[in-house]
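What follows is the residue order along each chain.
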Amino acid sequence: MKISMVGTGYVGLVSGTCFAETGVIVTCVDVDKEKIDNLKKGILPIYEPGLEPMVQRNVENNRLFFTINLKDSLEGVEAIFIAVGTPPDEDGSADLQYVLSVAREIGQHITEYLVVLTKSTVPIGTAKRVRAAIQEELDKRGVSIPYDVASNPEFLKEGDAINDFLKPDRVVIGTDSEQAREVMNRLYKPFVMKNNRIVFMDIPSAEMTKYAANAMLATKISFMNDIANLCEIVGADITSVRRGIGSDTRIGYQFIYAGAGYGGSCFPKDVKALIKTSDKNNHSLEVLKAVEDVNDRQKLVLFNKVNKHFNGDLKGKRIALWGLSFKPNTDDMREAPALVIIDNLVEAGATVVGYDPVAMKECKRIIGDKIEYASDPYDAVKNADALLLVTEWSEFRVPKWKEMEGLMKSKLIFDGRNIYEPEDMKKWGWIYYGIGR
Ligand SMILES: NC(=O)c1ccc[n+]([C@@H]2O[C@H](COP(=O)([O-])OP(=O)(O)OC[C@H]3O[C@@H](n4cnc5c(N)ncnc54)[C@H](O)[C@@H]3O)[C@@H](O)[C@H]2O)c1
């Protein structure tokens, strides 16, 4: 079986590689020549645990190929996935220019039946537009070639993407075609051997499922952050509350951690895009609007605590930041809370020194020398007036507190992810601020 994966970013590269792992011949396509040249040399554009050896193995076994030429990738393929970016445009809607440009290219070059799948997160109605764009090109060519357009939203999460793809909770396929269904069943069978977790549905429902999933997860986070802020006012501890409610199986323990706000390439843009879709359809998604407001506010909570501690005078203060990526196990800095915190600290006159196990290169690419970059966590806290824990990488969980005492100007910590015990910190003479405790 042969497939083509167009867009070799986070989703395209992981999905393509995982399909290749099952024996499928995969060609990954991208317009970014440098990215493709690097991949051919074994250099990956992203950090994702376990991905590099898997790419290498499949390239060596002639199952995974990279090209900038979509046309070349089409020979003999049964399915082509569109996995390009869908960033927000000026008004917050998903910008479909890349998706539709790939659709037109497909229309210009297909020669035999194939299934075209939107793997990118796309608003309801996109499959129709993809179909129309392909048809327009076929009409221009004056040819009639059969094809199906189906929706296959992706649910992998950065940092654990391979595991998510190889052992999915579910695979959602939106299609109205028996033939497409058969191709998808064959392609995804190796991933759902234990439980047949392929959920077939109509196309608009599949497109909506992805947005509803991310919107629900973002809602859980904002809900807990809102409750956390109230906990602080009324003297409760959000970590106890979390344990108390998580034990209810209707609620569950996942995604109910209070923190410095959600970020990343998906939640912020998908929440925005869904709100936009509802507005355009004269429906107001009140819950989601509040979710977004709470998150914008939450990204400032750590900074506000620091500012208040120093009575609004941060000039000349040296602030250490542990963790820059939007979450652990990724170098993705898109919409990372750290960026908002850095902006505010620097604006207020502080010097910021950051450390992250993998995201420093990416951070530097985005904000340059706005902050200093440390060689390790202890280097970061040298002469610091305060430490802010922003991303909960494992290596920050059990620091050498004694060593840090000798390095920092004062024993002051702002724990943006509630990974330390306030009682311990107090016992050891630290001034500790958490979120919602
Ligand atoms: N990153 C995630 O965790 C995640 C998870 C699920 C779904 N998604 C969705 O998947 C889609 C892709 O996200 P991503 O994070 O992989 O994006 P990304 O920015 O990492 O990658 C997109 C790639 O598409 C390429 N591209 C753009 N136009 C192209 C074209 N015409 N032909 C070929 N390649 C082209 C870009 O060069 C880039 O390499 C988005 O819609 C996103 O919302 C992302």
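Basis of the calculations
Residues numbered from 1 in each chain as written. Predicted model: local features only at pLDDT ≥ 70, side-chain atom pairs only at ≥ 80, totals over all residues. Buried ≥ 20, exposed ≤ 12 C-beta atoms within 10 Å, placed from the backbone. Helix = DSSP H or I, 4+ residues; strand = E, 2+ residues; numbered from the N terminus. Contact = placed C-beta atoms within 7 Å. Pairing = 2+ DSSP bridges. Core = buried A, V, L, I, M, F, W, Y, C linked by C-beta atoms within 7 Å. Domains from an automatic or database assignment. Axes fitted to C-alpha atoms, helices over the stretch in contact; angles between N-to-C directions.

**Q** So what's going on with helix α13 (residues 337-347)? Residues and values would help.
**A** Turning to α13, its buried residues number three or more, namely Pro-337, Ala-338, Leu-339, Ile-341, Ile-342 and Leu-345. Among the structural elements, α12 (301-309), β9 (318-322), β10 (351-355), α14 (360-367) and β12 (386-389) are those in contact with the buried residues of α13. Looking one or two places after α13, you find Gly-349, whose phi comes out positive at around 100°.

**Q** I'd like to hear about the pairing of strand β4 (residues 79-82), residue by residue, with values.
**A** The side-chain alternation of β4 yields two buried faces, one formed by Ala-79 and Phe-81 and the other by Ile-80 and Ile-82. Alignment of strand β1 (residues 2-6) against β4, held across four bridges, turns out to be parallel. Bridge pairing links Val-6 to Ile-82 in β4. Here β4 pairs with strand β5 (residues 114-118) via four bridges, running parallel.

**Q** Go over the nonpolar core with me, naming the residues and quoting the values.
**A** Within the largest apolar cluster, 120 residues are counted, with the highest numbers of intra-cluster contacts made by Ala-79, Val-116, Ile-319, Ala-320, Leu-387 and Leu-388. For this core, the element with the highest residue contribution is helix α8 (residues 203-234), accounting for 10 residues. Contacts of Leu-388, omitting those with residues within four sequence positions, involve Leu-302, Val-306, Ile-319, Ala-320, Leu-321, Ile-341, Phe-414 and Gly-416.

**Q** Please set out the domain arrangement of the chain residue by residue, giving values where relevant.
**A** Per the domain assignment, the segments of the chain are domain 1 (2-201), domain 2 (211-297) and domain 3 (299-433). Using only C-alpha atoms to locate each centre, domain 2 and domain 3 end up separated by 24 Å. Domain 2 puts 12 residues into the contact, and the matching count from domain 3 is 15 residues. In terms of residue count, the dominant contributor to the side of domain 2 that touches domain 3 is helix α11 (residues 286-298) (three residues).

**Q** Which residues make up the sheet that holds β9, and what are the values?
**A** Strand order across the open sheet formed by six strands is β11-β10-β9-β12-β13-β14, with parallel pairing between neighbours. Strands with a single pairing partner mark the edges of an open sheet, and in this sheet they are β11 (372-373) and β14 (431-433). Where β9 meets β12, four bridges bridge the pair, whose relative direction is parallel. The residue of β12 that forms the bridge with Trp-322 is Leu-389. Strands in contact with α13 are β9, β10 and β12; relative to β10, the strand with the most contacts, it is inclined by about 155°.

**Q** Tell me what's going on with unusual backbone geometry, and back it up with residues and numbers.
**A** If you check the backbone angles, Asn-62 has positive phi at about 55° while not being a glycine. If you trace the backbone, Asn-62 turns up in the loop between α3 (51-60) and β3 (64-67). Even without being a glycine, Asn-329 presents a positive backbone phi close to 65°. Considering the arrangement of structural elements, one finds Asn-329 in the loop between β9 and α13.

**Q** Summarise the pairing of β3; cite the residues concerned and give the values.
**A** Burial along β3 is one-sided: Leu-64 and Phe-66 are buried, while Phe-65 and Thr-67, pointing the other way, are not. As paired strands, strand β2 (residues 25-29) and β3 are joined by four bridges and run parallel to one another. Within β3, the position partnered with Cys-28 by the bridge is Phe-66.

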